[in-house]
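Next come the chains, spelled out residue by residue.
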Amino acid sequence: MELHERLTTLRPVAAPTGRDPFSEVKNRVHMAVIGELGPQLFNVNMDPLGLREQVLTDLTEHLSREAGISRDDRERLVAEIADDILGHGPLERLLADESITEIMVNGPYDVWVERQGRLYETTVRFTDESHLRRIINKIVAQVGRRIDESSPLVDARLPDGSRVNAVIPPLSLSGPLVTIRKFSKKRLHLPDMIRLGTLTTETVEFLQRCILAELNVLISGGTGSGKTTLLNALSTAIPDSDRIITIEDAAELRLNQQHVLRLEARPKNIEGEGEIPIRELVRNSLRMRPDRIIVGEVRGAEALDMLQAMNTGHDGSLCTVHANSCRDALARIETMVLMAGYDLPVRAIRQQVASALDLIVHLERLEDGSRRVTAITEVQRMESEVITLQDIFDFKVDRVTPDRTVVGSLRSSGLRPTFLHKFEKRGVSLPVSLFSTPHGQQADVL
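Residues numbered from 1 in each chain as written. Predicted model: local features only at pLDDT ≥ 70, side-chain atom pairs only at ≥ 80, totals over all residues. Heavy atoms only, no water.

Q: Just to check I follow, could you spell out the overall build of the protein chain for this structure?
A: Secondary structure summary: the protein chain contains 14 helices and 15 strands in total. Expressed as a percentage of the 446 residues in the protein chain, the buried residues total 48%. The long-range share in the protein chain, meaning contacts at least 24 apart out of those at least 6 apart in sequence, stands at 55%. (Helix = DSSP H or I, 4+ residues; strand = E, 2+ residues; numbered from the N terminus. Buried < 20%, exposed > 50% of the residue type's maximum accessible area, 1.4 Å probe, protein only. Contact = heavy atoms within 4.5 Å.)

This is the structure:
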């Protein structure tokens with residue numbers, strides 16, 4: 001049976017309070033092996049394969065002394081305890097499954113996954129709440145963060161960049177909760193976006209040229225719509241010669257350029273001090289001679305500092321924001337600027353936004369679970385009290401099939417952007433054919 005078929009079978013009928021019959025043996029052997037290996041488990045210079053072999057050998061030796069365990073159960077216990085010691089316990093097989101995009105742990109006996117935009121229940125179980133808490137503590141400790149009753153929620157990341165959120169009692173009334181947004185081991189590039197249907201060939205070419213022309217681009221969309229994935233893909237168009245600074249709450253971006261500096265916000269320590277917010281990092285990055293500033297997600301008062309940076313010569317900056325539409329994205333930026341605590345008139349804020357931003361790329365997760373760019377919109381000048389927006393490309397739904405598959409495509413509106421002078425300034429050409437609907441037209445250059 002395939003791995004994903006095993007994972008999506010219904011949970012056993014046994015009550016969720018039922019314990020693993022080998023839980024005491026697992027805990028006893030687990031503690032014994034950790035006590036013997038000690039510091040070797042945390043030695044960064046230790047060969048991972050050699051360490052795993054050592055752990056497996058010690059586990060096999062300890063379990064061989066336990067009576068009443070069959071050979072099959074002994075092999076299973078060795079694998080499970082090894083995952084606890086070296087990895088993330090029962091979550092290891094879910095993390096290894098490339099088809100899974102999200103893992104949701106609703107307590108020790110209730111684990112769900114998302115695959116192709118749809119939710120499935122799994123048979124994965126933790127031994128008890130203390131087992132789950134031990135795995136959570138291990139995840140957050142790897143990135144220098146903590147979770148306890150005084151700080152019962154945390155954002156962290158796995159070594160591969162996957163995003164982790166954990167909540168424990170007293171905030172959670174149903175035991176420890178963990179949500180893992182998995183990142184694919186294979187980084188998606190813009191051609192992959194075409195293959196997946198997120199973008200079209202014309203829009204990829206247009207966006208690549210926008211990055212080369214150093215336009216300030218805002219990527220908007222709902223939760224799980226693929227904003228960070230698209231930001232990663234768009235960053236491949238940035239030239240190697242540029243000095244790039246990335247600023248994130250939990251580091252997720254993976255840029256392959258030669259000159260990349262990565263900054264990560266820091267939460268409060270156990271005394272409630274030492275917090276370094278994204279806003280302070282954005283402000284500090286301006287003193288680091290950046291060519292481009294990339295903010296993983298703008299979610300608070302740092303929006304004002306980001307707009308100031310875009311308006312003071314740091315063109316070509318990229319950032320993401322949660323929003324339901326391009327117009328909503330601008331409204332959220334305005335609200336976040338007001339969160340900075342300055343009593344600024346709305347007109348002044350909108351003038352800053354209209355002057356700073358050039359382009360908004362909006363993503364949505366459609367009914368069939370697919371993630372599509374539904375609008376590429378130019379931010380134009382102020383007219384009266386309103387920022388003018390112009391759709392350059394927008395998504396048209398042709399039909400929805402009986403199995404909820406959305407059939408449609410991203411199409412040119414036929415309107416040409418007004419920021420063409422920025423392309424001329426950077427020496428970047430822009431084919432007229434990108435904005436024309438007829439096929440086969442000769443590609444003149446604007």
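That shown, we press on.
Q: Hey, could you run me through the nonpolar core in this one?
A: Buried together is how nonpolar side chains tend to be arranged in soluble globular proteins. Formed by 40 residues in total, the largest nonpolar core has its most connected members in Leu199, Phe206, Leu230, Leu359 and Ile376. In terms of residue count, helix 8 (residues 201-212) provides more of this core than any other element does, 5 residues in total. Contacts of phenylalanine 206, omitting those with residues within four sequence positions, involve Leu359, Ile376, Ile392, Phe393, Pro417, Phe419, Leu430, Leu434 and Phe435. Core analysis: the second largest hydrophobic core is formed by 38 residues, Ile247, Leu304, Cys326 and Ala329 among them. (Core = buried A, V, L, I, M, F, W, Y, C linked by side-chain atoms within 4.5 Å.)

Q: What am I meant to see in the pairing of strand 15 (residues 406-412) here?
A: In summary, the side chains of a regular strand alternate between the two faces of the sheet. Looking at chain direction, strand 14 (residues 386-400) and strand 15 are connected through 7 bridges and run antiparallel. The partner of arginine 399 across the bridge, within strand 15, is valine 407. The loop that links strand 14 with its antiparallel partner strand 15 comprises 5 residues; one of these, arginine 404, has a positive phi angle of about 75°. (Pairing = 2+ DSSP bridges.)

Q: For this particular structure, what's the right way to read the sheet that holds strand 5 (residues 163-167)?
A: Sheets are built from strands that pair by backbone hydrogen bonding, the pairs being arranged parallel or antiparallel. Spatially, 3-2-1-6-5-4 is the arrangement adopted by the 6 strands of the open sheet, whose pairing is antiparallel. Two strands in the sheet have a free side with no partner beyond their single neighbour: strand 3 (118-121) and strand 4 (153-157). Between one strand axis and the next, the sheet turns through 15° on average, direction left out of account. With 5 bridges connecting them, strand 4 and strand 5 associate as antiparallel partners. Bridge pairing in strand 5 links arginine 157 to arginine 163. Strands in contact with helix 6 (residues 129-141) are strand 1 (100-106), strand 4, strand 5 and strand 6 (177-181); relative to strand 4, the strand with the most contacts, it is inclined by about 60°. (Axes fitted to C-alpha atoms, helices over the stretch in contact; angles between N-to-C directions.)

Q: Please clarify how the pairing of strand 7 (residues 217-221) should be interpreted in this entry.
A: Most of strand 7 is tucked away: 5 of the 5 residues are buried. Every second residue of strand 7 is oriented toward a common face, with Val217, Ile219 and Gly221 on one face and Leu218 and Ser220 on the other, all of them buried. Note: strand 7 against strand 11 (residues 318-322), 5 bridges, orientation parallel. Looking across to strand 11, one finds that serine 220 is bridged to valine 321.

Q: Would you explain the side chain of glutamate 302 in this entry?
A: For glutamate 302, the location among the structural elements is in helix 11 (residues 302-310). Here glutamate 302 occupies a buried position and makes no salt bridge, while the nearest side chain of opposite charge, arginine 299, is found at 5.5 Å. Ignoring anything within four residues of it in the chain, the contact list for glutamate 302 reads Ile278, Arg279, Val282 and Glu297. (Lys, Arg positive; Asp, Glu negative; His and termini not counted. Salt bridge = Lys/Arg side-chain N within 4 Å of Asp/Glu carboxyl O.)

Q: Explanation requested: the sheet that holds strand 8 (residues 244-248) in the structure shown.
A: Here 9 strands make up an open sheet; going across it, the order is 9-8-10-11-7-12-13-14-15 and the pairing mixed. The sheet is open, and its two borders are formed by strand 9 (260-264) and strand 15, each paired with just one other strand. For this sheet, the mean angle separating the axes of adjacent strands, direction not counted, is 25°. Strand direction decides the pairing type here: strand 13 (residues 371-383) and strand 14, joined by 7 bridges, are antiparallel. When the sheet's bridge partners are listed, valine 379 is paired in strand 14 with leucine 389. The strands touched by helix 13 (residues 346-356) are strand 13 and strand 14; relative to strand 13, the strand with the most contacts, the crossing angle is about 120°.

Q: Please clarify how unusual backbone geometry should be interpreted in this entry.
A: A negative phi angle characterises most non-glycine residues, just as the trans form characterises most peptide bonds. Cis geometry is found at the peptide bond from proline 169 to proline 170, where omega equals 10°. Located in the positive-phi region is glutamate 214, a residue other than glycine, with phi close to 60°. Looking at the secondary structure, you find glutamate 214 in the loop between helix 8 and strand 7. In this structure glutamate 214 comes out as partly exposed when scored by relative accessible area, which is 21%. In this model, arginine 289 sits at a positive phi of 55°, which is unusual for a non-glycine residue. Within the secondary structure, arginine 289 is located in the loop between helix 10 (278-285) and strand 10 (292-295).

Q: Help me understand the pattern of salt bridges, please; the structure alone is not making it clear to me.
A: Any two side chains of opposite charge can pair, on the condition that their charged atoms come close. Enumeration over the complete set of coordinates arrives at 24 salt bridges. The salt bridge partner of glutamate 214 is arginine 426, with a shortest N-O separation of 3.4 Å. Of this pair, glutamate 214 sits in the loop between helix 8 and strand 7 while arginine 426 sits in helix 14 (residues 420-426), and the two are 212 residues apart along the sequence. The class for arginine 426 is partly exposed, based on a relative accessible area of 32%. Each of the salt bridges in this network shares a partner with another, and the network as a whole consists of Glu114, Arg365 and Arg371.

Q: Is there a simple way to think about the packing of aromatic side chains in this case?
A: One pair of aromatic rings is described through two measures. These are the centre distance and the angle between the planes. Counted by the stated rule, this structure contains 2 aromatic pairs. With a centroid separation of 5.6 Å and 55° between ring planes, the pair formed by phenylalanine 206 and phenylalanine 393 is classed as tilted. Of this pair, phenylalanine 206 sits in helix 8 while phenylalanine 393 sits in strand 14, placing them 187 residues apart in sequence. With respect to burial, phenylalanine 206 and phenylalanine 393 carry one shared label: buried. With a centroid separation of 5.8 Å and 25° between ring planes, the pair formed by phenylalanine 419 and phenylalanine 423 is classed as stacked. For the pair phenylalanine 419 and phenylalanine 423, a shared accessibility class is recorded, and that class is buried. The residue whose ring lies beneath arginine 115 is tyrosine 120, and the NZ or CZ to ring-centre distance is 5.6 Å. (Phe/Tyr/Trp six-rings, centres within 6.5 Å; stacked < 30°, edge-to-face > 60°. Lys NZ or Arg CZ within 6 Å of the ring centre and 35° of its normal.)

Q: Help me understand the environment of phenylalanine 393, please; the structure alone is not making it clear to me.
A: Take phenylalanine 393: its relative accessible area is 2%, and that puts it in the buried class. Along the chain, phenylalanine 393 and leucine 410 lie 17 residues apart, while their C-alpha atoms are 6.3 Å from each other.

Any functional reading would require information beyond the geometric quantities listed.
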